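Notes for the structure review
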Amino acid sequence: MSKAILHGKIAYIFESIEIIALICLIVYCARKQLYPELVVFLIAFFEHIRQILTGYRQQGGSIDDILTLIMMLFIVIKTKDDIIKIAGTIGVLIHIMTISSGKIFCASIKLLQ
């Protein structure tokens, strides 16, 4: 049984889409002056860059995974913006899947050797 929910080419595609989506969300939050949401998406963006550069992944159910779920729940509950609610809900669903399965979401992708 695989340790990751997504692996292979799908993991690369998902990670690429996720980075692009986070950049778009960061710009969107900045333009709309949604500063708490902006901070959360900046944290998520830098965490994903770190994961890509080092090959690290949050283990499903780890403290990192639970804290990320809490951050995404904060976004969903706090924001009045529908686009941000949708993005936060996707994050919540991903982290519920990883916590309940005990798996990482995406197979490790490492750019730096």
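Refer to the preceding data block for the structure.
Definitions and limits used
Here the residue index of a chain counts from 1 through its sequence in written order. In keeping with the model being predicted, local features are shown solely for residues with a pLDDT of at least 70 and side-chain atom pairs are shown and tallied solely at 80 or more, while totals for entire chains, interfaces and linings include all residues. Calculated side-chain values reflect all of the structure's heavy atoms, with hydrogen atoms and water omitted. Numbering of helices and strands starts at the N terminus; helices are DSSP runs of H or I of at least 4 residues and strands are runs of E of at least 2. An expected span of 1.5 Å times one less than the residue number is assigned to each helix. Three labels apply to residues, based on accessible area from a 1.4 Å probe with only protein chains included: buried if under 20% of the type maximum, exposed if over 50%, partly exposed otherwise in between. Of all possible arcs, the one meant is that of the directions from the helix axis to the C-beta atoms. A contact between two residues is defined here by any heavy atoms of the two lying within 4.5 Å. Here a polar contact is taken to be a pair of N or O atoms separated by no more than 3.5 Å, where protein atoms must pair a possible hydrogen donor with a possible acceptor and residues adjacent in sequence count only if both atoms sit in side chains. Pairing of aromatic side chains here covers Phe, Tyr and the six-membered ring of Trp, requires ring centres within 6.5 Å, and sorts the geometry by plane angle: under 30 degrees stacked, over 60 edge-to-face, intermediate tilted. Take the buried Ala, Val, Leu, Ile, Met, Phe, Trp, Tyr and Cys residues and link them wherever side-chain atoms come within 4.5 Å; each set so joined is a nonpolar core.

As a further point, take helix α4 (residues 82-101). Residues separated by three or four positions in an α-helix point in the same direction, a consequence of the helix having 3.6 residues per turn. If you check α4, its first and last C-alpha atoms are 28 Å apart, about what 20 residues at 1.5 Å a residue would give, namely 28 Å. Among the residues of α4, those classed as buried are Ile84, Ala87, Gly88, Gly91, Val92, Ile94, His95 and Thr98. Around the axis of α4, the buried residues are gathered within 165 degrees of arc, so they sit on the same side. Of the exposed residues in α4, the ones pointing more than 90 degrees away from its buried face are Asp82, Ile86 and Ser100. Tucked into the core, α4 has its buried residues touching β1 (4-6), α1 (9-32), α2 (35-54), α3 (63-78) and β2 (104-106). Of the residues flanking the start of α4, the one acting as N-cap is Asp81, its side-chain oxygen 3.0 Å from the backbone nitrogen of Ile83. Once α4 ends, the next one or two residues include Gly102, with phi positive near 75 degrees.

Taken as a whole and judged by the stated rule, the model has two aromatic pairs. Summarising the aromatic geometry, the rings of Phe45 and Phe46 are spaced 5.4 Å apart at their centres and angled 70 degrees between planes, so their arrangement reads as edge-to-face.

So, on to the nonpolar core. Membership of the largest hydrophobic core comes to 18 residues, with the highest contact counts inside it found for Cys29, Phe41 and Ile84. Of all the secondary structure elements, the ones that give two or more residues to this core are α1, α2, α3 and α4. At six residues, the largest contribution of residues to this core is made by α2. Residue contacts for Ile84: discarding those within four places in its chain leaves Leu25, Tyr28, Cys29, Leu34, Glu37, Phe41, Ile75 and Thr79. Ala4, Leu6, Ala11 and Ile109 belong to the second-largest nonpolar core, a separate cluster that totals nine residues.

Keep in mind that these numbers describe shape and distance, not what the molecule does.
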